Amino acid sequence: MNLSNLQPAKGSVHNQNKRVGRGEGSGKGGTSTKGHKGAKSRSGYSRKIGFEGGQMPLQRRVPKFGFKNINRVEYDVINLEKLQSLVDSGVVKDTVDFALLVELGLTSKNSLVKVLGRGEIKAKLKVSAHKFSTSAKEAIEAAGGEIVTL
């Protein structure tokens, strides 16, 4: 045994990969298998999503249109016909408030509720919501009910 034929114990070495960029004598030095020049040969290269080799990317070629209002307020909608069906099924007697609507799963506790006028209402109800359409307001008051804006 001498220094020229020393080997690690069998099974103790797992890494069989070529060590690139460790000098010309290794056969994998210089460009380190990355070719010559260009973005892919540079350190820190990562291709942008949607990159098309310098061609104008699709998301910039396609025309943009429309407008998204950042101040828009979203409401969960409940129509008069739904309120009437709750009365008919016996779930509601005389008052519909926000807590009841959350309990019934018609809205969530963080939402705003707007009552709209589709359908008709015959029952005399006290309805609490964040907003009412004009037709819903008139229909509820015509039926002898009362509205409460939260």
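It should be noted that the structure appears before, not after, this text.
What counts, and where the lines are drawn
One numbering rule holds for all chains: residues counted from 1, following each sequence as written. In keeping with the model being predicted, local features are shown solely for residues with a pLDDT of at least 70 and side-chain atom pairs are shown and tallied solely at 80 or more, while totals for entire chains, interfaces and linings include all residues. To obtain the side-chain values, all non-hydrogen atoms of the structure were used and water was disregarded. Burial classes: relative accessible area under 20% of the type maximum marks a residue as buried, over 50% as exposed, and values in between as partly exposed (1.4 Å probe, protein chains only). Strand pairing is assigned whenever DSSP detects at least two bridges linking the two strands. Helix and strand definitions follow DSSP, with helices as H or I runs of at least four residues and strands as E runs of at least two, each counted in order from the N terminus. Nonpolar cores are built from buried Ala, Val, Leu, Ile, Met, Phe, Trp, Tyr and Cys residues. Side-chain atoms within 4.5 Å join them into one set. Contact criterion: two residues are considered in contact whenever any of their non-hydrogen atoms come within 4.5 Å of each other.

Colleague: Quick question: what am I supposed to make of unusual backbone geometry here?
Modeller: Trans peptide bonds make up the majority, and among non-glycine residues the majority have a negative phi. In this model, serine 32 sits at a positive phi of 55°, which is unusual for a non-glycine residue. In this structure serine 32 comes out as buried when scored by relative accessible area, which is 16%.

Colleague: Looking at this structure, how should I read the sheet that holds strand 6 (residues 146-149)?
Modeller: Hydrogen bonds between backbone atoms are what pair the strands of a sheet, whose relative direction is either parallel or antiparallel. Ordered by their spatial adjacency, 3 strands build an open sheet running 2-4-6, and the pairing between neighbours is parallel. Here the strands that pair on one side only, and so sit at the sheet edges, are strand 2 (95-96) and strand 6. Summarising the sheet, strand 2 and strand 4 (residues 126-129) pair through 2 bridges and their orientation is parallel. Residue pairing across strands places threonine 95 opposite lysine 126, the latter belonging to strand 4.

Colleague: Hey, could you run me through the nonpolar core in this one?
Modeller: One recurring pattern in soluble globular proteins is that nonpolar side chains are buried together. If you look at the biggest cluster of nonpolar residues, it comprises 21 residues, and the most contacted ones within it are Leu83, Val115 and Leu125. When residues of this core are traced back to their parent elements, those giving at least two are helix 2 (80-88), helix 3 (98-103), strand 3 (113-116), strand 4 and helix 4 (134-142). With near-sequence residues (within four places) excluded, leucine 83 lies in contact with Ile78, Val96, Val115, Ile121, Leu125 and Val127.

By themselves, these are just geometric observations and shouldn't be taken as functional.
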